[in-house]
Amino acid sequence: MLQNTGKLAGKTLFITGASRGIGKAIALKAAKDGANVVIAAKTAQAHPKLPGTIYTAAEEIEALGGRALPCIVDVRDEKQIGEAVEQAVQKFGGIDILVNNASAINLTGTLETPMKKVDLMLGVNLRGTYLTSKLCIPHLLKSKNPHILNLSPPLNLNPIWFKNHTGNALLPDFFLDEAEALVQNMGDQVVIPVVKGDSRSAATSGPIAETFNIIKGVLNPDIVKSTGGVYKFDLSGEHAGVWFIDMKNGGGSAGSGEPPVKADVVMTMDSADFTKMFAGKLKPTMAFMSGKLMIKGDMSLAIKMEKMMSMMKSKL
């Protein structure tokens, strides 16, 4: 664990679900700096199976050098949150950091999960986080360095985390609404630097040409039928050039230059990243979200390109 820096001394943290677990661990860490901690949690009386209450947590915080304010709070209850926020402001003079830690989870399938559990998870994880943030923000805005820390599972798209909770195969997502808006806003204003070189030699040799030779070998009528899209690649960098993959007409085709018909999707990126992406060393989603890949056109067809990439990983 990292050493305390003392930067939280005198700061006030409002932590939901801080009577035990991760919330309490954050509270104790802050207490070592001399922070003020508001323990906003439901447990006022000891649980037969789960140790810790808001009062025992307060004792531990103060034993480490912090100041504590235990508050009985159900994050679904607007009145309880509002009262806890006001108590915090009256005792400590304000709120500097909100830690939305309180959560509820029930790892069962859709058909096996009762609506009571669904309502609990939505009420605590969604409504509770929103409501607590809403009531704390007016006071956070008065702080010199305000923060909101939302604790949640990582946004991990690995199918292993979803396989027990869906009926169907998963489809990769490029965060479609945001992606389309981004492309529309950028329009033709995007300027891609191009390294001067012999484009004629790049079309017949080099890593990009080798990749497209493999693509030609993978293309078949079934892929063309299931994809139905024409892709154009504007590549910059060491192996700059324009390339295309036609998975819409006939048995499919690929090569250098402009596509034979208007492209449904235009992908713009560095040639080195293009090679990595088709070799499976760079995920398209990560390339897009990090700004390495820019997409213009039909986003649903852009997602289908991953199928082609997965077929090529073993050959590159």
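Residues numbered from 1 in each chain as written. Predicted model: local features only at pLDDT ≥ 70, side-chain atom pairs only at ≥ 80, totals over all residues. Heavy atoms only, no water.

1. Regarding the overall build of the chain
Stage number 1. A count of helical and extended segments in the chain gives 11 helices and 10 strands.
Stage number 2. In the chain, which comprises 316 residues, the share counted as buried stands at 39%.
Stage number 3. Across the chain, every contact between residues at least 6 apart in sequence was considered, and the portion connecting residues at least 24 apart equals 69%.
Stage number 4. A total of about 18400 Å² of accessible surface is found on the chain, and carbon and sulfur atoms cover 57% of it. (Helix = DSSP H or I, 4+ residues; strand = E, 2+ residues; numbered from the N terminus. Buried < 20%, exposed > 50% of the residue type's maximum accessible area, 1.4 Å probe, protein only. Contact = heavy atoms within 4.5 Å. Areas by Shrake-Rupley, 256 points an atom, 1.4 Å probe, with all protein chains shown as cover.)

2. Some details on the pattern of salt bridges
Stage number 1. With the rule as written, the count across this model stands at four salt bridges.
Stage number 2. Residue lysine 24 pairs with glutamate 60 through a salt bridge whose shortest N-O separation is 2.6 Å. Of this pair, lysine 24 sits in helix H1 (residues 21–31) while glutamate 60 sits in helix H2 (residues 54–63), and the two are 36 residues apart along the sequence.
Stage number 3. Given a relative accessible area of 32%, glutamate 60 falls into the partly exposed group. (Salt bridge = Lys/Arg side-chain N within 4 Å of Asp/Glu carboxyl O.)

3. Observations concerning the packing of helix H7 (residues 207–218) against helix H9 (residues 271–278)
Stage number 1. Relative orientation of the contacting elements H7 and H9 amounts to 35°, with a least axis distance of 10 Å. Crossing hand, H7 versus H9: left-handed. Here Pro207, Ile208, Thr211, Phe212 and Ile215 of H7 lie close against H9, whose contacting residues are Ser271, Phe274, Thr275 and Phe278.
Stage number 2. Of the residues in the contact of H7 with H9, the class split is six nonpolar, three polar and no charged. (Axes fitted to C-alpha atoms, helices over the stretch in contact; angles between N-to-C directions. Left-handed = near helix turned anticlockwise from the far one by under 90°. Nonpolar A, V, L, I, M, F, W, Y, C, P; charged D, E, K, R; others polar.)

4. A word on the sheet that holds strand E4 (residues 97–100)
Stage number 1. Read across the sheet, five strands follow the order E3-E2-E1-E4-E5 without closing on themselves; strand pairing throughout is parallel. Taken across any chain shown, the strands that pair with only one partner, and hence form the sheet edges, are strand E3 (67–72) and strand E5 (147–150). Across this sheet, the average inter-strand angle for adjacent strands is 15°, counted without regard to direction.
Stage number 2. The pairing of strand E1 (residues 12–16) with strand E2 (residues 36–41) spans five bridges and is parallel. Bridge pairing links threonine 16 to alanine 40 in E2.
Stage number 3. Contacting E2 and E3, H2 runs over the sheet at an angle of about 170° to E3.
Stage number 4. Where helix H3 (residues 78–92) meets the sheet, its contacts fall on E1, E2 and E3, and the angle it forms with E3 comes to roughly 160°. (Pairing = 2+ DSSP bridges.)

5. So, the nonpolar core
Stage number 1. Ranked by internal contacts, the top residues of the largest apolar core, which has 30 residues, are Phe212, Tyr231, Phe233, Ile245, Met267, Phe278 and Met305.
Stage number 2. Those residues within four positions of methionine 305 in sequence are excluded, and the remaining contacts are Tyr231, Phe233, Ile245, Met247, Met267 and Phe278.
Stage number 3. Counting residues in hydrophobic clusters, the runner-up holds 21 residues, among them Cys71, Val75, Val85 and Cys136. (Core = buried A, V, L, I, M, F, W, Y, C linked by side-chain atoms within 4.5 Å.)

6. As for the environment of threonine 5
Stage number 1. Mapped onto the elements of the fold, threonine 5 is located in the segment before E1.
Stage number 2. Classification of threonine 5 by relative accessible area gives exposed; the value is 59%.
Stage number 3. For the pair threonine 5 and aspartate 33, spaced 28 residues apart in the sequence, the C-alpha separation amounts to 7.1 Å.

7. Re the packing of H3 against helix H4 (residues 115–140)
Stage number 1. The interhelical angle for the contact between H3 and H4, taken along N-to-C directions, is 25°, at an axis separation of 10 Å. The pairing of H3 with H4 is recorded here as roughly parallel in orientation. Crossing of H3 against H4: the hand is right-handed. Facing H3, whose interface residues are Glu78, Ile81, Gly82, Val85, Glu86 and Val89, H4 presents Leu131, Thr132, Leu135, Cys136 and His139.
Stage number 2. Considered class by class, the residues forming the contact of H3 with H4 number six nonpolar, three polar and two charged. (Parallel < 35°, antiparallel > 145°, perpendicular 65-115°, else oblique.)

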